[in-house]
Amino acid sequence: SGTIRPLVAGNWKMNGLAGSLGELDAVKAGLSGDGLNADIMICPPATLVAAAAKAANASIAIGGQDCHFAEKGAHTGDISAEMLADAGASAVIVGHSERRADHGESDEIVMKKAQAAWRAGLVAIICIGETEAERKSGATLDVVAVQLAGSVPEGARAENTVIAYEPVWAIGTGLTPTAGDVAEVHAFIRQKLSERFSEEGAAMRILYGGSVKPANAQELMGVENVNGALVGGASLKAADFLGIVAAYR
Ligand code: PEP
């Protein structure tokens, strides 16, 4: 929409061994040539960030899937934003619904993680979205407003912050909201961002995520205020991911 350059980001979740970097090579090969009007990112598991960054060689941005909010310290098993940056990442997903559900991450923690991302020079991709029960009870916009207010730090700018609207019930289910429902929520998010961050909020990317596939990408990416996609399952195979990216050719 407008002059905002879209972003198509793949989230590999807890999938991928060294051999999976072949998919990254295939994505890279598929991007060569002109006519692509979007930035492309892959967020592999942390174990592959350094190798992926090397393989991508700046033609594909590499992101982490989570970070601790502290810079370093006694947090066994955690990874800091600084470590991701050091490994070659330029962004990190924070507040994914699987983190919120599996690890009890609150809006307050997600906000601190976004601030940690900025501290390390990373773009924070902040995920929000309602559950099925919340959607059915008509609470979607209220939930999104609370998550936006609680998870997005003061001072967010278009260059360091991306919002990903991911209805929880659409993640990994094959279900998607209608284009009209996506338009309603994205317009609401845009309004909230613009009210709070003025022109920075007006220019911030708002991604849609949840069962984006090659078959539905063109319709979903064509919705007003949808500035790209966060793609889970369909990012694991280069052919599928490239089929989604093709919405921006
Ligand atoms: C996600 O988890 O970010 C996601 C959008 O998953 P999927 O595309 O598999 O629904």
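The protein is annotated in an unreviewed UniProt entry as Triosephosphate isomerase of Stappia sediminis. Of the protein, the UniProt comment under Subunit (unreviewed entry) reads exactly: "Homodimer." Recorded in UniProt under Sequence similarities (unreviewed entry), the annotation for the protein is "Belongs to the triosephosphate isomerase family."

Participant: Describe the UniProt feature "binding site: substrate" (unreviewed entry) in the protein, listing the residues and the values that go with them.
Facilitator: Within this structure's numbering, the places UniProt gives as "binding site: substrate" (unreviewed entry) are N11, W12, K13, G172, S211, G232 and G233. In sequence the annotated residues extend across 223 residues, while in space they remain close, none of their C-alpha pairs exceeding 14.0 Å. Positionally, K13 belongs in the loop between strand 1 (7–11) and helix 1 (21–31). With 13 C-beta atoms packed within 10 Å, G172 lands in the partly exposed category.

Participant: Quick rundown of the site of the ligand? Include the residues and the values.
Facilitator: Around the ligand lies a shell of 13 residues, among which I171, G172, G209, G232 and G233 are the nearest. In terms of residue class, the shell around the ligand is made up of 5 nonpolar, 7 polar and 1 charged.

Each value, and the rule that gives it
The residue numbers shown here count from 1 along each chain, following its written sequence. Given that the model is predicted, a residue must reach a pLDDT of at least 70 before its local features are reported, and side-chain atom pairs must reach 80 or more before they are shown or counted; all residues, however, enter totals for whole chains, interfaces and linings. UniProt positions are given in the numbering used here, feature names are shortened, and annotations may be inferred rather than shown by experiment. By the criteria applied, helices consist of DSSP H or I runs no shorter than four residues and strands consist of E runs no shorter than two, each listed in order from the N terminus. Exposure in this text rests on C-beta crowding, where 20 or more other C-beta atoms within 10 Å of a residue's own make it buried, 12 or fewer make it exposed, and counts in between make it partly exposed. The C-beta atoms are placed from the backbone. For each residue, a C-beta atom is placed from the backbone, and the residue counts as near a molecule or strand when that atom lies within 6 Å of it. As a working rule, the residues Ala, Val, Leu, Ile, Met, Phe, Trp, Tyr, Cys and Pro are called nonpolar, Asp, Glu, Lys and Arg charged, and the rest polar, with Gly in that last group.

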